[in-house]
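Coordinates in review
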Amino acid sequence: VEPDTRTLAQAIADPRILSVMAMYFLTFLCMTSVQVALPLLANARLGWGEREVGHVFGLYGLMALIVQGGLIGRLSRRFTAARVLVMGALCVGLGMTAISDAHAPGLLLLGVALAGFGVGLTNPTLAALASQHAGRSRQGAILGVAQSSGGAARTVGPVWSGMLYTRLGPGAPFVGGALAASLSLAVAVALQRRVVPPYDGAGAAVS
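Here we summarise the structure given alongside this text. (Residues numbered from 1 in each chain as written. Predicted model: local features only at pLDDT ≥ 70, side-chain atom pairs only at ≥ 80, totals over all residues. Heavy atoms only, no water.)

Side chains of a nonpolar character, in soluble globular proteins, are inclined to be buried together. Core analysis: the biggest nonpolar cluster contains 43 residues, and Leu 38, Met 96, Ile 99, Leu 108 and Phe 174 have the highest contact counts within it. Those elements that provide at least two residues to this core are helix H2 (15-46), helix H3 (50-78), helix H4 (81-100), helix H5 (105-134), helix H6 (139-168) and helix H7 (172-194). In terms of residues, this core owes the most to one element, H2, which gives 15 residues. Excluding residues within four positions of it along the chain, Phe 174 makes contact with Ser 33, Val 34, Ala 37, Leu 38, Leu 41, Met 96, Ile 99 and Ser 100. (Core = buried A, V, L, I, M, F, W, Y, C linked by side-chain atoms within 4.5 Å. Buried < 20%, exposed > 50% of the residue type's maximum accessible area, 1.4 Å probe, protein only. Helix = DSSP H or I, 4+ residues; strand = E, 2+ residues; numbered from the N terminus. Contact = heavy atoms within 4.5 Å.)

Set out below in C-alpha cells:
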C-alpha cells in the first residue's frame, strides 16, 4: 500500500471527507431537535410529562442500540457505506416528518423509532468512512475534525430549534429536522455516485 503523502489540509479538502463532515453536522442537527424539542411537543400535544417522555427517549435509544449492536454489521457487508447512509438519512427524514405531524401517540412513537433507527445507521457509518478516506497516518485527526462538525451542530441546534418552536409552533423544529435530513440524503446520494463500490472475488460489484 502506498503511503498517503497528503497534508492534513488536503485530506480535509477531499470531497468525500467534506461530505462526511456535512452529514455529521446535519445528522447531529436532527438529533438536537429530538433532544430539545421533543419533550415540548409531547407535552403540548399529548399532555405527556417526564415519565412518558423518558420512555420515548428510551425507545429512541433502543432503536439505535439494536442497529449498532449487530444490524449495522450485516448491512455494511451487504451494501456500500454510501448506500447505508442513504438509508439512514431517509429514515431520519421520515422520522422527523412523522414527529412534526404527530397529534397521537402512535405516529409520534413511529417517528421516534424511525429517527433512532436512522441515526443508528448513520453515525457509525460516517465514522467508518472518515477513517477509510483519511489515510492510515491521519485517521485520528480526520475523525476528530469530522466529529467536531457534529459538535458545532450541538451548539447551533438548540438555538435553532428553540427559535423555530417559539415562532412557528411545536412541529416546526422537526420540519427543520426533515429539511436537514433531506440535505443529508442529497449529500449521501452524491457520495454514492462518487465512491466506487467494492468488488467480490468474481469481479462483480457489490451493491
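Back to the write-up after that little detour.
On the surface, Leu 62, Leu 65 and Ile 66 cluster together into a nonpolar patch covering about 290 Å² of accessible area. With respect to the helices, strands and loops of the structure, Ile 66 is situated in helix H3. The class for Ile 66 is partly exposed, based on a relative accessible area of 45%. (Patch = residues over 30% accessible without salt bridge, like charges linked within 9 Å, V, L, I, M, F, W, Y side chains within 5 Å. Areas by Shrake-Rupley, 256 points an atom, 1.4 Å probe, with all protein chains shown as cover. Salt bridge = Lys/Arg side-chain N within 4 Å of Asp/Glu carboxyl O.)

Inspection of the secondary structure puts Leu 94 in helix H4. A relative accessible area of 45% places Leu 94 in the partly exposed class. For Leu 94 and Gly 118, which are 24 residues apart along the polypeptide, the C-alpha to C-alpha distance reads 9.2 Å.

So, on to H3. Across its 29 residues, H3 extends 40 Å between first and last C-alpha, which sits within 8% of the 42 Å expected from 1.5 Å per residue. Residue Leu 71 marks the point of greatest curvature in H3, where the axis turns by about 60°. Among all positions in H3, only Val 53, Val 56, Tyr 60, Met 63, Ala 64, Val 67, Ile 72 and Leu 75 are buried. (Expected span 1.5 Å × (residues − 1). Bend = angle between axes of the 7 residues up to and from the residue.)

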